[in-house]
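# Analysis of the macromolecular model
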Amino acid sequence: SVSRAIKPFAEPGRPPDWFSQKHCASQYSELLETTETPKRKRGEKGEVVETVEDVIVRKLTAERVEELKKMIKETQEKYRQLKKDAELIQAGHMDNRLEELCNEIMMWVISLL
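Since we're looking at a predicted model, the values are computed, not measured.

On to the confidence of the model for the chain. For the chain, mean pLDDT is 83; residues scoring 70 or higher make up 89% of the total. The element-level mean pLDDT for the chain is lowest in helix α1 (residues 2-6), coming to 73, with helix α3 (residues 52-90) highest at 91.

Glancing now at the pattern of salt bridges. Scanning the model with the defined rule gives 3 salt bridges in all. Measuring nitrogen to oxygen at the nearest pair gives 3.4 Å for the salt bridge that ties Arg97 to Glu100. Here Arg97 falls in the partly exposed class, since its relative accessible area comes to 31%.

In this model, α3 (39 residues) spans 57 Å end to end at C-alpha, consistent with the 57 Å of a helix rising 1.5 Å per residue. What α3 keeps buried is the set Val52, Val55, Ile56, Leu82 and Asp85. Two residues or fewer after α3 comes Gly92, characterised by a positive phi angle close to 85°.

As a further point, take the UniProt feature "coiled-coil region" (unreviewed entry) in the chain. With numbering matched to this structure, UniProt assigns "coiled-coil region" (unreviewed entry) to residues 58-92. Taken end to end, residues 58-92 is 94% helix and 0% strand, and its first and last C-alpha atoms sit 51 Å apart.

Looking at where Thr61 falls in the secondary structure, it is placed in helix α3. Residue Thr61 is classed as partly exposed on the basis of its relative accessible area, which comes to 42%. At 2.7 Å, the side chain of Thr61 forms a polar contact with the backbone oxygen of Val57.

The rules behind each value
Residues numbered from 1 in each chain as written. Predicted model: local features only at pLDDT ≥ 70, side-chain atom pairs only at ≥ 80, totals over all residues. Heavy atoms only, no water. pLDDT = per-residue confidence, 0-100. Helix = DSSP H or I, 4+ residues; strand = E, 2+ residues; numbered from the N terminus. Salt bridge = Lys/Arg side-chain N within 4 Å of Asp/Glu carboxyl O. Buried < 20%, exposed > 50% of the residue type's maximum accessible area, 1.4 Å probe, protein only. Expected span 1.5 Å × (residues − 1). UniProt positions renumbered as here; feature names shortened; annotations may be inferred. Polar contact = N/O pair within 3.5 Å; in protein donor to acceptor, adjacent residues only side chain to side chain.

The structure is reproduced here in structure tokens:
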């Protein structure tokens, strides 16, 4: 059921069987095997002890945050470049490259979709 629930959030280029139950189970098993088991601490009753699942969630969350930060930075850089190009176009300094720039912008917009 998890594999069906997350399928709409698939990244482009994933193989068709990426969200199969078998593949999801093997990915999860691999995560469990490669994640260091937290050391159990002796403490009072009712103390919350971090589980392997908690470690995995924290690790994957941190990785995703870094990916998103990188994507934001790249998008901001592209925006600055497009803004600079727009200013040059409006000033008439790039009339000989208008068609090429238009194609670049269209390809960038399509990639965002």
